[in-house]
Structures are given as structure tokens and as C-alpha cells.
Amino acid sequence: MTALEKINAPPTRLGGTALYDWDYLVQEDRAHRLIYTDPAIFEAEMTNIFGGTWTYLAHESEIPNDNDFITRRLGLRPLIIVRDANGKIRALYNRCTHRGTTLCRWDKGNSKSFQCPYHGWNFLNTGKLRGVPWPEGYAEDMRDPKYNIAQVPRVESYRGFIFATLNMDALPLIEHLGSIAKIIDEWLDRNPGGKVVVCEANRFRYKGNWKLAYDNSCDGYHVAYSHRSLLETENRFAGENAKGMAYYRNSPDTQPMYMRYTGRGNHFKDKRPNLEKRPGGLWALESAHPGMEHYEAEFIRRYGDRAFALLDLAGSEPVNINVFPNFSLLGNHIQVFEPVGVEETNAIWYGTMIVDDGSIPSDAVTDINALRMRTQEGFPNFGEVDDIANFEQIQRGLMAPEDEWVYMNRGFGIPDRVKTHDDGSITAPATDEAFMREHFKEWKRLMKARPNLAIQREP
Ligand code: FES
Ligand SMILES: [Fe+2]
């Protein structure tokens, strides 16, 4: 009979601002279940992480014109992301300064002002209070800036991706992104004009902690098991021509793909080295979807030698780029994780289209975008459901209080397996959990910090 395990007293909350001993809860090779299940930790994350570091909000193409807006969240804070009349992008709190109701109940639109549905206070889209019904009922000067809508003080874009933080001491976004910016550049620059435009999204909600999704974002260990039915479907008619994620099937760690951690919780998994470097190399890998043969024949007829380079634009870029805590680029999708509660998360997959910048024929742009929509129907519907099933079942498993730890030690302690480069970035084989060990160091750094958070209002 194997030795019985002693049951520890559960960790207790410390006084003051130090909620827990974070070094105990997150160790080099394992993390305590409480970080996924404790409402107090979740609450602290909503300020220290979602607020304390740069969080992805939206893409500029979702608000292309002046006065366009969309509603989003920063952690649990409801926001209106608006491009004001002067073209400035702002993240306004979707919260009336009178009694606190949300001001805007629409997902998106175009408006110069927002009128509160409760008592009719009216605000410009700069956040300034424009007027209140029957002002003679107030002794106070209603032009006091305290009545202007709160806004996130730091909103910055990187090549169309809008991030925000409340932390006045956070590095400028570009420095925060560091070397992952170059990988984002590569993801964009293969498209005409180095651009994409966001189209609609597949929206999922799962009963599990938000970190379960981020922990999976660079995980190459689960693919052959969790996505087995998808792999089999993708390859049923492929014969020797392995499709989709087939390079995970046999010995993924000996493939040229790898994972790299670039700092600040950010990492990417690069499957591009698995590809044949030729026009059509990416297209050849794309799993079967409706209309493919027809489009391929039509492209060859219309564009001759250029056909396969164009068809590659409809292929799913084989890289997963993850910016902590809530943003991923994978295939042609932008995936965003939105915490809803300690055990509930939205996982949203935005599709992207290419734009007509004159560098490729216009009719090819339309057809490539039609094909990209087929990829939007692929992985989000047939792969994400596998992942979400795992997240929900992990959350269930972690309800057992006595079995405390989750392990992230794959690749840990094996000489020469995980390599640290001169710039501090870290490379490991595709199935290693080095990415998770590293992003948890960033999580811990943020949870230990007392971030210098602020909001601002128009003067
Ligand atoms: S709550 Fe907005 S006007 Fe009263
Ligand atoms: Fe997965």
C-alpha cells in the first residue's frame, strides 16, 4: 500500500493587502488549486491583473469612424470604447455618474452623446456631462468635473490592437509587448497592406476560471489527445498529406515547431517551421472545408502562377501569439478571454478579413474572405469545444479541497531542454509547460504589487 498523504490545513488569508502567501500558492513547478477557485483571489485579480497590466480591449477596425462605439469590459468594469468626434480613442466607464447605472445598453453604434436611461443625464462621447433634466433642482454647479464619466487613463494601440491599463506606472505598451511585437508584425504583414479588419465573432462562455484558458493558450501537450476527433476529421481524406494540426500526432517534440516565452507573461507557439516554404505551403495544410476545390481551380484559372500565393492568404497562420492576460492571435482569429466570475469566463473568437489595398485583385479579396469565414467555422466550432470541456472539467476536479496542486513541470529540470537566450526569452519544445511556469511568475509579480491605479475625467 502506498503512503497516505497528510491533509494540510488550507492556506489562510493574511491580514492587510497581502491576501495570501503568493510564493506558496504558485511555486516553480506547481500551482495551488485556490488560485482557480477562491473568490477573494479573483477579486484581487480584477484590480492587480485586469487594471494593473495592459489588457486587450478591442480592434480599431471595430470603431472605424468618428463617434463609433462598442461596449466591452476591463475585468468586470463595463466600458464604452469610443472614437470621439476628434478621432481620439477613449475607454469610458459605462457607468452614469449620477446613481451608477450603465449608460449604454447597445453592443455597438455611432453616437456623439450618451443619454442615461434612468434620469436622462446626457454625456458627450468625450465623457463630459452635457446637461441634466431640470438643472434648477441642483444647488451645486453641475459643471463640476466630478460629474464627467470616469475613463481609463491609459489607452494605447499597437497596429490596430487597443489595450488599456489603469496602472500609471506600467511601461508604455510597446515596451510591455517587447519582442512579441515582432511576431504580431509577422502575423499582420503577410496580409495586404499589413492589415486585417475584424468581422463577427463566435462567442463561448464556460464554467471555469479565466486562467484555464490562458494556461492552455500555448499548450502543445494536449492537442493529440483533446482534439483527437478533430485531427481525425481533418485527416480522414488527406492520405499522406497531413492536414491541420497533424504534426502533433506522433512525436511533437522532435518537430521543428517550438514555444517561446518573451517576458511579461507573453508567449507564442510557432508551428510555422513545420511548413513547406513555397507558395501554397500553408494552403496545402488547411483542412477540408466546403468549396475549397472549386476556389482552388477558379484561382488557378484566374491568376495562374499567382494562385497559390493568394490561396495562402485564406490559410490559417500556424502560430499562437498570447499576450497576458486575455489576448491571443491564432490562425486567422483574435481570441479574447473575459472573466465573468471566479468560475465563469467568456472566450470570444473574432474572425478577421483582409482589406483591398490594391495590391491583389479585388475579386480575390472577396473570395479569400469567403474562405477565411470557412476557417472561422472550423476550429472555433470543432476545437474550442474540446478545450472548453477540459476547462469545465478542471474546474470540477479542483473542487476537491484536499488534493491541492496542479503540476506544470513538463520539461522542468531536464538539462538543455529549456533554453534561455541573451535577451531573456525562453525556448522549449512544443509540449513543454515552460510557458505556464513563466506566465505564472508574471501573475505572481502583479499579485504581489501595489499597483498605482488611477481613473481620469475630462476637466
Ligand atoms: S442614474 Fe443616470 S441619470 Fe440617474
Ligand atoms: Fe486546444
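Whatever comes next refers back to the structure up there.
Residues numbered from 1 in each chain as written. Chains lettered and ligands numbered in written order. Predicted model: local features only at pLDDT ≥ 70, side-chain atom pairs only at ≥ 80, totals over all residues. Heavy atoms only, no water.

### Observations regarding the overall build of the chain
In step 1: A tally of regular secondary structure across the chain gives 14 helices and 21 strands.
In step 2: Its C-alpha atoms give the chain a radius of gyration of 24 Å, near enough to 23 Å, the size a compact globule of 459 residues would have.
In step 3: Considering only C-alpha atoms, the chain reaches an extent of 80 × 70 × 40 Å along its principal axes.
In step 4: Looking at the chain as a whole, 56% of its 459 residues are labelled buried.
In step 5: For the chain, the share of sequence-separated contacts (at least 6 apart) that also reach a separation of at least 24 residues comes to 65%.
In step 6: Summing over all exposed atoms, the chain offers an accessible surface of approximately 21,000 Å²; the carbon and sulfur share of this is 51%.
In step 7: Distance between charge centres in the chain, computed from 55 positive and 63 negative side chains, equals 4 Å. (Helix = DSSP H or I, 4+ residues; strand = E, 2+ residues; numbered from the N terminus. Rg over C-alpha atoms; globule rule 2.2 N^0.38 Å. Buried < 20%, exposed > 50% of the residue type's maximum accessible area, 1.4 Å probe, protein only. Contact = heavy atoms within 4.5 Å. Areas by Shrake-Rupley, 256 points an atom, 1.4 Å probe, with all protein chains shown as cover. Lys, Arg positive; Asp, Glu negative; His and termini not counted. Charge placed at Lys NZ, Arg CZ, Asp CG, Glu CD.)

### Things to note about unusual backbone geometry
In step 1: Phenylalanine 324 connects to proline 325 through a cis peptide bond whose omega is 10 degrees.
In step 2: Mapped onto the elements of the fold, proline 325 is located in the loop between β15 (319-323) and β16 (327-330).
In step 3: Unusually for a residue other than glycine, asparagine 67 sits at a positive phi of about 75 degrees.
In step 4: Position of asparagine 67 relative to the elements: it lies in the loop between β2 (55-59) and β3 (68-74).
In step 5: A positive phi angle, near 65 degrees, is found at aspartate 416, a position not held by glycine.

### Observations regarding empty space enclosed by the protein
In step 1: Counted by the stated rule, this structure contains one cavity of 30 Å³ or more.
In step 2: The computed volume of the largest cavity comes to approximately 80 Å³.
In step 3: Along the wall of the largest cavity there are 13 residues; nearest its centre are Tyr56, Arg73, Asn326, Val336 and Glu338.
In step 4: Mapped by element, the contributors of at least two residues to the lining of the largest cavity are β2, β3 and β17 (333-341). (1 Å grid on protein atoms, 1.4 Å probe; cavity = no way out; pocket = protein on both sides within 12 Å on 5 of 7 lines; lining within 4 Å. Points joined across faces, edges and corners; volume = space filled by probe spheres on them.)

### A word on the sheet that holds strand β5 (residues 89-93)
In a beta sheet, neighbouring strands pair by backbone hydrogen bonds and run either parallel or antiparallel.
In step 1: Spatial ordering of the open sheet is given by β5-β4-β3-β6, a layout of four strands whose pairing is antiparallel. Strands with a single pairing partner mark the edges of an open sheet, and in this sheet they are β5 and β6 (108-110). Direction aside, neighbouring strands of the sheet carry axes that sit 30 degrees apart on average.
In step 2: As paired strands, β3 and strand β4 (residues 77-83) are joined by six bridges and run antiparallel to one another. Bridging from a neighbouring strand, arginine 72 pairs with leucine 79 of β4. (Pairing = 2+ DSSP bridges. Axes fitted to C-alpha atoms, helices over the stretch in contact; angles between N-to-C directions.)

### Remarks on the coordination of the iron ion (ligand 2)
In step 1: Here the iron ion (ligand 2) is held by the protein donor atoms His222 (NE2), His227 (NE2), Asp387 (OD) and Asp387 (OD), which lie 2.1 to 2.4 Å from it.
In step 2: Each of the four donor atoms bound to the iron ion (ligand 2) contributes to angles spanning 56 to 143 degrees, and the resulting shape is irregular.
In step 3: Read N to C, the donor residues that coordinate the iron ion (ligand 2) are spaced as H-x4-H-x159-D. Of this pair, histidine 227 sits in the loop between α7 (223-226) and α8 (228-235) while aspartate 387 sits in helix α13 (residues 384-397); the two residues are 160 residues apart in sequence, bridging distant segments of the chain. In this pair, the class of histidine 227 matches that of aspartate 387, namely buried. (Donors = N, O, S within 2.8 Å, 3.2 Å for Na, K, Ca; no water. Tetrahedral: all angles 85-135°; square planar, octahedral: opposite > 155°, others 65-115°.)

### Section: the sheet that holds strand β11 (residues 161-165)
In step 1: Here we have three strands laid out as an open sheet, ordered β2-β11-β10, and antiparallel in their pairing. Each edge of the open sheet is held by one strand with a lone partner, namely β2 and β10 (154-158). Pairwise comparison of adjacent strand axes, ignoring direction, gives a mean angle of 30 degrees for this sheet.
In step 2: As paired elements, β2 and β11 share four bridges and run antiparallel to each other. Directly across from tyrosine 56, in β11, lies its bridge partner phenylalanine 163.

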